[in-house]
Every structure is written in C-alpha cells, then in structure tokens.
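# Understanding the architecture of this molecule
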Amino acid sequence: MNTIEISNELFSFIQNSPSMFHTVSTVSEYLQEAGFTYLPEGKQWNINKGGCYYTTRNHSSVIAFKIGDTLDDYHFQLAASHGDSPTYKIKSVPELEGPNEYLRLDVEAYGGMIDSTWFDRPLTVAGRVLVQNGNKVENRLLYIDKDILMIPNVAIHFNREINNGYSYNRQIDLCPIFSCGELKKGDFDKMVAEELGVEVSQILGKDLFLVNRCQPVIWGYKDEFISTPKLDDLQCAFTSLKAFINANNEHAINVYCCFDNEEVGSNTKQGAMSTFLYDVLRRIHTGLNKTEDEFYQAIAKSFLVSCDNAHALHPNHPEKSDAVNRNYMNKGIVIKESANQKYTTDAFSRAVFTAICNKANVPVQYFANRSDMVGGSTLGNLSNTQVSMHAVDIGLPQLAMHSSYETAGIKDTVYAIEALETFFNCNVEIEEAEGFTLND
C-alpha cells in the first residue's frame with residue numbers, strides 16, 4: 001500500500017469534511033460507491049444476510065454494517081471513531097459591530113482546542129443551515145470555499161507578555177475579523193443565503209463553525225510526516241472506513257461507527273453515549289428475526305475497537321510522557337490503557353487486538369499517561385454505557401493534538417488500515433473472558 005497515495009486520499013477525505021455534517025456526507029459517499037443501501041431511521045428496515053447498509057442520525061453521526069453471508073457465528077465486530085474536531089461555533093446572532101467600521105464574528109469554543117493555533121491564518125465557515133422551502137424545511141450543507149476570516153494577534157509592541165504565557169480571553173481575543181468597512185451588520189446571513197441560493201428570510205437555523213484553511217502537506221526530506229487540520233479524529237474515521245469497506249466477514253456482522261460530539265463529551269442524541277448504537281444493533285437483530293436471548297449472546301461475543309488518535313512522544317518535552325509507556329510516529333498502532341478506565345482496554349481486549357496486529361504484521365505500541373498527570377478520554381467507554389461488550393482503545397500517534405494543524409507519521413495511516421482490515425476479515429470467536437480464537 002503506497003503511503004503517498006493513501007496520504008493524499010486521507011487529505012482529500014479531510015478537506016471534504018470541514019464540519020461533522022460534511023464528514024457524514026463524505027462517509028456516505030464512500031459507502032454508496034461501495035454499494036451500501038441507506039436505511040433512514042424513521043422508516044422500516046428490510047435487511048438480509050449478505051447485505052450492506054448504513055444509517056445516520058442528525059446528519060452528523062453514521063453507522064454502517066455488513067451482514068455475513070452465512071452468519072453462522074452471530075455477533076458484531078465494530079470499529080468506532082468520531083467525526084468532530086475542536087473549533088469555534090458561530091453564535092446565532094453572529095456579528096459584533098465596531099470599533100469604527102470593523103465587523104467581527106461572535107464565536108464560542110466547541111471542545112478543548114489550543115487557542116493560539118487559530119491566530120493569523122486563513123479561515124472560513126462550514127456546517128449546516130435549515131432552510132424553509134414552501135411548507136417544508138430542508139437541511140443544506142454549507143462550505144464557503146474562500147478565505148473570508150482571520151483572527152489577528154495583537155502586535156508584540158502592544159502585548160509584551162505574549163511570549164511569557166499570555167492567557168487568551170475567548171470572548172475578546174478570539175473574535176475573527178469579517179470586514180473593516182465593506183460589509184455591514186446583517187451581511188453574514190446575506191452571505192450564507194447567497195451561497196445557498198436562498199433568501200435570508202428562508203434561513204431558520206444554523207450550525208456553523210470556523211474552519212482552518214491551511215492545506216494538508218507531506219513533509220520532511222524523506223517524506224516522513226503528514227500535517228493537516230483535523231487529524232484527530234478524521235485519520236481514524238478514514239482508516240477504519242477504508243478497512244471496513246475492503247473487508248469481508250461471512251460469519252459475523254461488521255459495523256462501522258463515526259459519532260458526533262466526542263469533543264464535547266458525547267452526551268447528545270447522536271453521540272457515542274446516546275442510544276444510537278444500541279438502537280441500530282437492536283434493529284439489525286430484529287430484522288434478522290433473532291430471539292431476545294440471541295441478542296444478549298451476540299453482545300457477549302462482540303468486540304469493539306474504539307479508534308481515536310494517541311499522543312506521540314514530543315521531542316522537545318519527553319518529560320510529558322510516561323517513562324516506558326510512550327509511543328512514536330511511524331512505529332505502528334497504539335493501544336491505550338488507563339487504570340481509572342478512561343480507556344476501555346484491559347488485558348483481554350489488549351490480547352485480542354495485539355493478536356490481530358501480529359496477524360497483520362503491524363507493529364504495536366502501548367500508551368499510558370504519567371501517573372502524576374490527568375489524561376483525556378474517548379468514546380469507547382462512553383458507548384459501552386449503552387451497549388456493553390469487550391472493547392479496546394487504539395489510536396495513531398500524533399503531535400499537537402487539538403491544535404488547528406496537527407502532525408502524524410506517514411506510515412501509520414497504512415498500518416491502521418492493514419490492522420483494522422485484518423480485524424474485520426477475521427472471525428473473532430470470544431469465549432466469555434476466558435479466551436478467543438481468530439479464524440479466517
């Protein structure tokens with residue numbers, strides 16, 4: 001698998017996914033091209049062995065599934081990622097007037113971003129708009145393919161503390177410039193309406209976010225690195241999707257999940273902590289005319305790979321990483337563990353996924369936070385509160401997580417596809433927590 005070609009496809013995937021709504025649209029295009037049938041949540045599902053299907057919720061989360069032709073070992077094998085990234089959401093009344101003829105946008109933080117990385121770079125707007133069309137209200141995707149905003153730093157001459165740990169105020173410092181005289185109050189909605197080909201009066205609601213317009217790059221004298229916005233977590237959303245589409249498991253049901261709202265806790269109707277996954281699995285079960293008891297048997301034998309990027313050792317600050325449970329770019333898949341269960345990994349699930357990586361000839365690394373530092377969490381343990389099964393947390397090593405422009409190793413995208421494709425191709429036969437078998 002060519003690392004340059006895969007990286008360029010990843011870049012295209014990311015650029016086509018400037019908001020969580022666009023991510024679902026992009027994933028849906030991949031699925032449709034691969035022959036998947038769309039099943040709206042609000043309609044009856046007709047499913048069969050050997051079929052490939054997908055559904056969405058809120059146009060910002062998507063779950064796809066492939067049903068085995070024989071389905072002689074009824075259980076689910078799942079990979080879950082998320083399609084949102086830290087950014088700034090534009091408030092419903094978007095414009096701040098002044099001083100003088102300046103026009104700025106009023107924004108608030110979505111997730112835990114590194115504020116300083118959003119300054120002095122070209123930005124635009126993306127998301128969804130609800131538009132009235134006669135007596136019907138329609139969902140429209142919006143991405144303005146133009147540099148239209150900038151968040152300027154204060155010159156060092158006016159802020160002598162800028163290099164001494166300056167603390168940004170998001171209500172004051174993070175307001176992007178929209179105009180310095182050419183545009184007036186009300187022109188933001190006029191711009192949105194013009195881009196969508198509607199009247200301002202037709203706009204009934206907006207979920208719009210800032211987008212970093214800096215282009216993805218492969219860099220390094222030996223092409224070792226990739227850098228782009230939204231590596232966390234679109235790199236995992238992409239690699240798990242590629243693996244899921246490429247793989248075939250006649251014995252079980254493969255499931256691909258890409259959830260919204262991980263960066264703000266997942267506790268929404270479409271997040272990993274919602275009923276979305278449970279609802280889909282139950283509807284698959286019902287559609288296959290299985291009994292209630294067979295559902296619980298299937299869940300007990302199922303396995304979830306929670307895919308969310310990991311922290312590579314920082315070359316300037318190695319002291320931030322654990323002494324030995326640390327990882328490096330271009331060295332393979334990271335299995336993440338936490339004693340306080342911020343990650344789902346335990347000895348059993350670690351053994352399962354390590355065996356899968358060994359089968360795929362993909363190198364494995366292990367991550368744990370320093371014992372005196374609090375780490376982050378991800379979606380695996382949250383989804384398990386709704387539908388509990390054996391699960392492992394994995395990721396790809398990267399630098400500058402939650403920066404508006406992140407960096408990873410060029411080889412690790414390929415490693416992830418190969419490992420996850422092996423997972424989806426294998427029939428993982430679980431015997432409670434006593435043991436497991438990997439069958440082709």
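Reading guide: rules and limits
- Residues numbered from 1 in each chain as written.
- Predicted model: local features only at pLDDT ≥ 70, side-chain atom pairs only at ≥ 80, totals over all residues.
- Heavy atoms only, no water.
- Helix = DSSP H or I, 4+ residues; strand = E, 2+ residues; numbered from the N terminus.
- Rg over C-alpha atoms; globule rule 2.2 N^0.38 Å.
- Buried < 20%, exposed > 50% of the residue type's maximum accessible area, 1.4 Å probe, protein only.
- Pairing = 2+ DSSP bridges.
- Polar contact = N/O pair within 3.5 Å; in protein donor to acceptor, adjacent residues only side chain to side chain.
- Contact = heavy atoms within 4.5 Å.
- Patch = residues over 30% accessible without salt bridge, like charges linked within 9 Å, V, L, I, M, F, W, Y side chains within 5 Å.
- Areas by Shrake-Rupley, 256 points an atom, 1.4 Å probe, with all protein chains shown as cover.
- Salt bridge = Lys/Arg side-chain N within 4 Å of Asp/Glu carboxyl O.
- Lys, Arg positive; Asp, Glu negative; His and termini not counted.
- Charge placed at Lys NZ, Arg CZ, Asp CG, Glu CD.
- Core = buried A, V, L, I, M, F, W, Y, C linked by side-chain atoms within 4.5 Å.

## Quick notes on the overall build of the protein chain
- Along the protein chain, the regular secondary structure elements total nine helices and 22 strands.
- Taking 2.2 N^0.38 as the reference for a compact globule, 440 residues should give roughly 22 Å; the C-alpha atoms of the protein chain span a radius of gyration of 23 Å, in line with that estimate.
- Considered along the principal axes of its C-alpha atoms, the protein chain spans approximately 70 × 60 × 40 Å.
- The proportion of buried residues among the 440 residues of the protein chain is 55%.

## Observations regarding the sheet that holds strand β15 (residues 310–311)
- Ordered by their spatial adjacency, five strands build an open sheet running β11-β12-β20-β19-β15, and the pairing between neighbours is mixed. Where the open sheet ends on each side, the last strands, each with one partner, are β11 (217–219) and β15.
- Two strands pair when backbone bridges link them, and β15 and strand β19 (residues 397–399) are joined in this way by two bridges, in the parallel orientation. Within β19, the residue paired with H311 across the bridge is Q398.

## Digging into the side chain of S306
- Mapped onto the secondary structure, S306 falls in strand β14 (residues 303–307).
- Of note is the side chain of S306, whose polar atom sits 2.7 Å from the side chain of D393.
- The contact partners of S306, leaving out residues within four places of it in the chain, are A80, T378, L379, G380, V392, D393 and I394.

## Some points on a negative patch on the surface
- Together, D69, D72, E250, E429, E431, E432 and E434 make up a negatively charged patch on the protein surface.
- When you line up the elements, E429 lands in strand β21 (residues 427–431).
- What makes E429 partly exposed here is its relative accessible area of 30%.

## Considerations on helix α3 (residues 187–196)
- Within α3 the residues assigned to the buried category are D187, F188, M191, V192, A193 and L196.
- Among the structural elements, β5 (87–97), β6 (103–110), β7 (123–133), β8 (136–143), β9 (177–179) and β10 (203–212) are those in contact with the buried residues of α3.

## Looking at the sheet that holds strand β16 (residues 333–336)
- Pairing is mixed across the open sheet formed by nine strands, whose spatial order is β1-β2-β3-β13-β4-β14-β18-β16-β17. Single-partner strands in this sheet number two, and they are β1 (37–38) and β17 (364–367).
- With five bridges connecting them, β14 and strand β18 (residues 390–395) associate as parallel partners. What sits directly across from C307, in β18, is I394.

## Points about unusual backbone geometry
- Cis peptide bonds are those with omega within 30 degrees of zero, and the linkage from G98 to P99 qualifies with 0°.
- If you trace the backbone, P99 turns up in the loop between β5 and β6.
- Of the consecutive residues D232 and D233, the connecting peptide bond is found in the cis state with omega at 10°.
- Phi is positive for K230, close to 70°, though the residue is something other than glycine.
- Owing to a relative accessible area of 16%, K230 belongs among the buried residues under this scheme.
- Despite not being glycine, N261 has its phi angle at roughly 70°, a positive value.
- Take N261: it is sitting in the loop between β13 (253–259) and α5 (276–287).

## A word on the environment of D145
- Turning to its location among the elements, D145 is positioned in the loop between β8 and β9.
- Judged by relative accessible area, which is 59%, D145 ranks as exposed.
- For the pair D145 and E195, spaced 50 residues apart in the sequence, the C-alpha separation amounts to 10.0 Å.
- Among the polar contacts listed, one links the side chain of D145 to the side chain of R213, at a separation of 2.6 Å.

## Description of the nonpolar core
- In this structure, L31, Y256, V305, I333, F353 and I394 are the most contacted members of the largest nonpolar core, which totals 54 residues.
- The biggest single contributor to this core is helix α4 (residues 231–246), with nine residues.
- Sequence-distant contacts of I394, defined by excluding residues within four places in its chain, comprise V305, S306, C307, D308, I333, V334, I335, K336, F353 and L420.
- Formed by 31 residues, the second largest nonpolar core is a distinct cluster that contains F76, L78, L277 and L281.

These results come straight from atomic positions and should not be treated as a statement about function.
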